[in-house]
Amino acid sequence: MFIYLSKKIAIPNNTKLKCVSWNREQGYIACGGEDGLLKVLKLETQQSKDAKVRGLAAPSNLSMNQSLEGHSGAVQVVTWNEHYQKLTTSDQYGLIIVWMLYKGSWYEEMINNRNKSVVRSMAWNADGQKICIVYEDGAVIVGSVDGNRIWGKELKGMQLCQVEWSADGKLLLFGMTNGETQIFDSQGNFCSKLGLFCLTNVTGAVKIAGLEWYNGSSGYVEPGCPCLALCFDNGRAQVMRSEMDENPVLLDTGMYVAQIQWNQTGSVLAIAGSQKAQQGDKDINVVQFYTPFGEHLRTLKVPGKQMLSCSWEGGGLRIALAVDSFIYFANIRPKYKWGYCANTVVYAFTKPERPEHCVVFWDTKNTERYIKYVKNLISVTAYGDHCILATKADDTTGQYVLVLCNSIGTPLDSKYIDIEPVHVAMTRTHVIASSREAFYTWQFKTPKKLTAMEVHQSTSKKKDGRERVFHIDDTPSGAGEGYTDFSKAFTGTRDKITCLCASDKMLIIGRETGTLHRYSLPHLALVNKYALNCRPHGLSLNCNSTRLAIIDISGILSFFDLDVKFTNPEGQEVQGSTLNFERKDVWDMKWAEDNSELFAMMEKTRMYIFRNLDPEEPILSSGYICNFEDLQIKSVLMDEVMKDPEHPNKENLLDMEIKSLRDSRDLLDKVGIEDASQFIEDNPHPRLWRLLAEAALENLDLKVADQAFVRCRDYQGIEFVKKLGNLQSEMMKQAEVAAYFKRFEEAERMYLDMDRRDLAVNLRVKLGDWFRVVQLLKTGSGGGDDQQLEDAWNAIGDYYADRQKWQQAVTYYVQGRNQERLAECYYMLEDFGGLHKMVESLPENHRLLPEIAGMFVTVGMCEQAVEAYLKCNRVKAAIDCCVHLNQWNQAVDLAKAHNVKEIDALLGKYASHLLEKDKKLQAIELYRKSNHYLEAAKLMFKIADEYAKKRVKPLRTKKMYVLAALLIEQYHDQIKVSSKLKAKGKREASSALAGLLEEDAIATSDSKLIDNAWRGAEAFHFFLLAQRQLYQGYVDASMKTVLHLRDYDDIMDPVDIYSLLGLAACANRAFGTCSKAFIKLESLETLSPDHLQQYEDLALNIFTKHSPKDTRSNKSECTSCETMIPDWCAVCPSCDTKFPTCIVTGRPLMDYQFWMCANCKHRAYENEISALSNCPLCHASI
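Just so we're clear, the structure is a prediction, and the values are computed from it rather than from any experiment. (Residues numbered from 1 in each chain as written. Predicted model: local features only at pLDDT ≥ 70, side-chain atom pairs only at ≥ 80, totals over all residues. Heavy atoms only, no water.)

**Things to note about the overall build of the protein chain**
Turning to step 1, where the next piece is worked out: In terms of regular secondary structure, the protein chain is built from 31 helices and 60 strands.
Turning to step 2, where the next piece is worked out: Over its C-alpha trace the protein chain gives a radius of gyration of 49 Å, far above what one expects of a compact globule, namely 32 Å for 1182 residues.
Turning to step 3, where the next piece is worked out: By its C-alpha atoms, the protein chain is 145 × 105 × 70 Å across when sized along the principal axes.
Turning to step 4, where the next piece is worked out: Residues counted as buried form 50% of the 1182 residues belonging to the protein chain.
Turning to step 5, where the next piece is worked out: Here the protein chain contributes 139 positively and 151 negatively charged side chains, and the mean placements of these two sets differ by 2 Å. (Helix = DSSP H or I, 4+ residues; strand = E, 2+ residues; numbered from the N terminus. Rg over C-alpha atoms; globule rule 2.2 N^0.38 Å. Buried < 20%, exposed > 50% of the residue type's maximum accessible area, 1.4 Å probe, protein only. Lys, Arg positive; Asp, Glu negative; His and termini not counted. Charge placed at Lys NZ, Arg CZ, Asp CG, Glu CD.)

Right under this line is the structure:
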């Protein structure tokens, strides 16, 4: 940051000023003084003749100078309400006036006078809704913006002198004349006293000079930074994070303070007052500027006897100072976090709503912006093609991070360091960061230069020889010293580092006492030490590292010649001397990249360009210099950019030419090539020779152009002149020159006038202006046009495809018959119908078919993918696609149709892979989809058997058995169909027989499984049925179902069957059957002794009360031999006739007519099944 006095306004009649206040929103300046003086001024920037002169450099005049009449005594307090455009003023008699703006002038709106005491301070809250007025006698009034009193209070025994609102408007701080500060809530209730930490060891009376609480309206420098400043007249101050902060930042300014004020972002605190001069007793007026963390930025000395007030402008670029009967204005040149690399301005700013810094990479060539949010940003440093973002690590380690970025903000590399990077410099190969005691060097490599091994190494956290740390008091010899740990870097030093700069050859470090250290790069040997007569604040080396520019703490620019040798008065040979050159109020400078004697510097609001220390006439500007090359200076108006940082405008970039370039241009325009050539010969520079070459080309003076291109070493230019020399037509030469100077419309017009449409087309093809190529080809005629037209259509298609406008791209690819890109566009548009049409329209074995098939595979469209693969005879790929998409049935069909043997092996492999991972259900689904029903059924039976053993819910187990049995049924159907297909010509009966024989041959090993497919399902079906009947009260039917269930003791646990039989028989009072069930249970070897004992006890309990006989026994007639048998009997004892079981009731079927399920082939009584809509066993629809 740099500050200098820029303007002075005198108040008429030498009336002394008491206060000044600058409206930050509308720019009005109110100043109050003795004898009721109250003026409202407005400084407005005038539009200068040169549109480039903007910002602080533009001339400003008073657009308003109104005296407000109403006060009779000295006006002591003025305060603005920016939200409602109101001015509140008070004088020595306690009269308060509120002023309002009406039709461009200020008028009284309200007047108030207590006639008891004098107003000492007034403050509006952050949103401008409330004002708090404090009187010296302890009276406090809080009013609303419309003039209504909200509350009033008299603080007994207190004399008030300051008031301030908290940022949220919930607290009020009252400063007392005895130096105390008390905290009240917004309703006037006392909360606590503010801790005073800055007055330790202070004796005597002190008075509060300023109480300022920044309201955060423009964001904070960093989250939780100090924002409440309290300053006393003796120069002691404390800056607190909140009203309860017990560890504030403490300042001792060493001055008598009149007033303090924060700037608009809370980043700088101005403390205005006076201090004793070093010689004599005279007081001098000064304004000191501090960061919220207590770092001293600058001191501004102001002429005059007594300074009583200061006030910041809204943009933070100017400050108004009330001294005697004058208002002084000082311009501030903030130290923005910015840099310039590869045509890109990199700058950072804060947003009120976000805690991070917003870093913008603004490509000035393409006007594109890349935004990056960075936490705890310290500084931005740029050089060449890269920039370094120095940040504080977002953790508790206390480390710092240096992030190397390219010109679009992509991080390329980063390093963690333990020292705070107070100063950072950068060269093409090195980054140097220093604290106040030590410096760290990092020889970075960009990804272009990194090998694969180095990339791997850079990712590891180990520090290599490319990183070194030195203490400033070390004397390295360049033989590889320097340490990689930071432990020694924290040793203190009496002479701290204040600045540094570096070039490819050397590193220069400046220290507080004016000592300069010169180190060689890359070896980092301490080559020399130089002594200066000032404290350096900024250093800069010229392009060949022979001369050093130094800007000291007070803005004086001087130069130091590093290589000159002379003999000092003691007779010793000394290297390096200060040049006899000095400029004051310098805040920025830049050496030319290509001339060691050229540099540009900013002095106040003027830019001076020097050639060998001789200045040219100054240029009005307030820009920050980006680059000085080719006799042109590029600067950026950072002040203007920061007004709307998210939308930088190209108008804020200034390109300025130095005098020799302007003179050469004038000579060429007004005098002629010969004189200009002589002038350039006397003042040689590659840029001037290029200017001469271009002018000679325009005049087709090829000889001069050739010589000039040789002098500026432009090989392409020499070749171009040679090409022009070979052309016969003058018109053709002019057209080529027009194209060379990028006047393409003119060149095209010339080609068309010469009837050389082909050259016009070639020109547009080189430029990539394909829309114009199409226009030219359509309007003309000639051979090869069709091919060129197709190329143009395709290029336009590429243009839209690159911008992801696929629909427009399709239109042009269709016209250009570019099937390959068309397929890609259809795929991106998800127009799979269009892709399928392409497959149909493409000839067989076309090279695009496999690609399109692959596109279908990625979105799971198996059928279309297979069609595309088959069209290009890639059967194996088609089968692989089916396997990949789990369409095994289609894969098997394809394999059979094309005699591919590997499918079964692949299927087996995949199934075994699934089984290894215990994914049995997926394996079953795999077998089922590939028509291997028997394998699927085997797995399903295994799962069902496991469920049965684990005693999972019976219904779930039944479902598993049903699914397994259904797979067996599908297996039967498959065998029948395949045998029919094999025996088309044979009789049906013989083919059916063949099918049975084939099935028998295939399944001899699995015959038991196939024959008894439904046994498991039947077992659990009847088990569930018996339970349901028992619980519904049909005990007899339940007992008969369980009696049938005895045949399934190979599937179900006999304990479950006979326990259920005993229960049902007992409930049915069939104690004979119950007795047999208990006998069977007691004979089971699987029962534990405890269970066996329980069964015996239960049997004893039942059969001591009831004899083991069935109370009733219903009989029915056998349908074969007419013998009377029990109605639960499934086999006739006389003729061995087996009766099927009804799956609805569990009773044997003895009717001749019955219902049979078409799916599972099980039977039921017709009258029983009529009430149901699904088969009770397999759940098929009836």
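Resuming the write-up.
**Focus: the pattern of salt bridges**
Turning to step 1, where the next piece is worked out: Tallying each qualifying case throughout the model produces 46 salt bridges.
Turning to step 2, where the next piece is worked out: A salt bridge links R354 to E356; the shortest N-O distance between them is 3.0 Å.
Turning to step 3, where the next piece is worked out: Assessed through its relative accessible area of 33%, R354 is described here as partly exposed.
Turning to step 4, where the next piece is worked out: A residue is classified by how much of its surface remains accessible, and E356, at 13% relative accessible area, is buried.
Turning to step 5, where the next piece is worked out: With a shortest N-O distance of 2.8 Å, R511 and D473 are connected by a salt bridge. With a gap of 38 residues between them, R511 in strand β42 (residues 506-511) and D473 in the loop between β40 (467-471) and β41 (497-502) connect regions that are remote in the sequence.
Turning to step 6, where the next piece is worked out: Note on D473: relative accessible area 44%, which makes it partly exposed. (Salt bridge = Lys/Arg side-chain N within 4 Å of Asp/Glu carboxyl O.)

**Brief notes about the pairing of strand β39 (residues 438-443)**
Turning to step 1, where the next piece is worked out: The buried count for β39 comes to five of six residues, which makes it a mostly enclosed element.
Turning to step 2, where the next piece is worked out: Across five bridges, the pairing between strand β38 (residues 430-434) and β39 is antiparallel. Each residue of the ladder has a partner; that of I432, found in β39, is T441.
Turning to step 3, where the next piece is worked out: Taken together, the five bridges between β39 and β40 define a ladder with antiparallel strand orientation. Bridge assignment links F439 to a residue of β40, and that residue is F470. (Pairing = 2+ DSSP bridges.)

**As for the UniProt feature "repeat: WD" (unreviewed entry) in the protein chain**
Turning to step 1, where the next piece is worked out: Here, the residues flagged by UniProt with the feature "repeat: WD" (unreviewed entry) are residues 68-99.
Turning to step 2, where the next piece is worked out: For the annotated span residues 68-99, helix accounts for 0% and strand for 56% of the residues, and the straight-line distance between the end C-alpha atoms is 9 Å. (UniProt positions renumbered as here; feature names shortened; annotations may be inferred.)

**Things to note about the nonpolar core**
Turning to step 1, where the next piece is worked out: W1014, C1175 and C1178 are the most contacted members of the largest nonpolar core, which has 72 residues in total.
Turning to step 2, where the next piece is worked out: For this core, the secondary-structure elements that each account for two or more residues are α21 (920-929), α22 (933-949), α23 (954-982), α26 (1015-1032), α27 (1035-1045), α28 (1054-1067), α29 (1071-1083) and α30 (1089-1103).
Turning to step 3, where the next piece is worked out: At ten residues, the largest contribution of residues to this core is made by α22.
Turning to step 4, where the next piece is worked out: Listed in part, the 60 residues of the second largest apolar core include F349, L688, L691 and A696. (Core = buried A, V, L, I, M, F, W, Y, C linked by side-chain atoms within 4.5 Å.)

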